[in-house]
Amino acid sequence: RRMIKHYAKSYTEEVRNLFIVLFDDDRSLFERIEEFKKGIDLIHEKWDVEGTKNHYQTDNVISTYLWLRFPDKYYIYKPSIATAWLSISPFFSRN
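Residues numbered from 1 in each chain as written. Predicted model: local features only at pLDDT ≥ 70, side-chain atom pairs only at ≥ 80, totals over all residues. Heavy atoms only, no water.

**Comments concerning the pattern of salt bridges**
A side chain of one charge can pair with a side chain of the opposite charge when the charged atoms of the two come close.
Stage number 1. Enumeration over the complete set of coordinates arrives at eight salt bridges.
Stage number 2. K37 serves as the salt-bridge partner of D59, at 2.6 Å between the closest nitrogen and oxygen. Taken together, the residues span a long stretch of sequence, with D59 in helix α4 (residues 59-69) and K37 in helix α3 (residues 29-47) at a distance of 22 residues.
Stage number 3. A single network of salt bridges, built from pairs that share partners, joins D25, R32 and K73. (Salt bridge = Lys/Arg side-chain N within 4 Å of Asp/Glu carboxyl O. Helix = DSSP H or I, 4+ residues; strand = E, 2+ residues; numbered from the N terminus.)

This is the structure:
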């Protein structure tokens, strides 16, 4: 949460536009997430000129933004839960 606040303070319009894209349900979810990630990477490069910090905008965090905006439509993606489910699911091969 702290990093997105830093970005929003320094690059207000860019961050606002990234959230507008992320929340645009007229576009495919994959496109929106990819564009958000690429935009955050660009902002991070400008913000962290030394290249020593992590931006922390992971799939889990992005899914949380979507869930907070549209709680009836999206859920929070947690890699550990997905991995655990895949390991016991009869729908996927364990090979």
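Continuing now.
**Looking at the packing of helix α1 (residues 2-10) against helix α2 (residues 12-22)**
Stage number 1. Relative to each other, α1 and α2 sit at 120°, their axes nearing to 5 Å. When the axis of α1 is compared with that of α2, the two are oblique. Mapping the contact onto sequence places I4, Y7, A8, K9 and S10 in α1 and T12, V15 and F19 in α2.
Stage number 2. Of the residues belonging to the contact of α1 with α2, the class tally is five nonpolar, two polar and one charged. (Axes fitted to C-alpha atoms, helices over the stretch in contact; angles between N-to-C directions. Parallel < 35°, antiparallel > 145°, perpendicular 65-115°, else oblique. Contact = heavy atoms within 4.5 Å. Nonpolar A, V, L, I, M, F, W, Y, C, P; charged D, E, K, R; others polar.)

**Observations concerning α2**
Stage number 1. Of all the residues in α2, the buried ones are V15, L18, F19, V21 and L22. Viewed end-on, α2 has its buried residues packed into an arc of 160°, placing them on one side of the element. (Buried < 20%, exposed > 50% of the residue type's maximum accessible area, 1.4 Å probe, protein only. Arc of directions from axis to C-beta.)

**A closer look at the confidence of the model for the chain**
Stage number 1. Mean pLDDT over the chain works out to 84, with 80% of the residues at or above the 70 mark.
Stage number 2. The least confident element of the chain, judged by mean pLDDT, is helix α5 (residues 79-88) at 72; the most confident is α2 at 96. (pLDDT = per-residue confidence, 0-100.)

**What about a nonpolar patch on the surface?**
Stage number 1. Together, W67, L68 and I76 line one region of the surface with nonpolar side chains, adding up to about 270 Å² of accessible area.
Stage number 2. Residue position: W67 is located in helix α4. (Patch = residues over 30% accessible without salt bridge, like charges linked within 9 Å, V, L, I, M, F, W, Y side chains within 5 Å. Areas by Shrake-Rupley, 256 points an atom, 1.4 Å probe, with all protein chains shown as cover.)

**A few points about the side chain of Q57**
Stage number 1. Locating Q57 in the fold gives a position in the loop between α3 and α4.
Stage number 2. A polar atom in the side chain of Q57 sits 2.6 Å from the side chain of Y65.
Stage number 3. Excluding anything up to four places from it in sequence, Q57 contacts M3, I4, F36, I40, I62 and Y65. (Polar contact = N/O pair within 3.5 Å; in protein donor to acceptor, adjacent residues only side chain to side chain.)

**Digging into the nonpolar core**
Stage number 1. Membership of the largest hydrophobic core comes to 17 residues, with the highest contact counts inside it found for I4, Y7, F19, L22 and F36.
Stage number 2. Among the secondary structure elements, those contributing two or more residues to this core are α1, α2, α3 and α4.
Stage number 3. Apart from residues no more than four positions distant in its own chain, I4 is found in contact with V15, F19, I40, Q57 and Y65. (Core = buried A, V, L, I, M, F, W, Y, C linked by side-chain atoms within 4.5 Å.)

**Re the packing of aromatic side chains**
Stage number 1. Inspection of the entire model under this criterion finds six aromatic pairs.
Stage number 2. One aromatic cluster in this structure is built from F19, F23, F36, Y65, F70 and Y74.
Stage number 3. The side chain of R69 reaches across the aromatic face of F23, ending 6.0 Å from its centre. (Phe/Tyr/Trp six-rings, centres within 6.5 Å; stacked < 30°, edge-to-face > 60°. Lys NZ or Arg CZ within 6 Å of the ring centre and 35° of its normal.)

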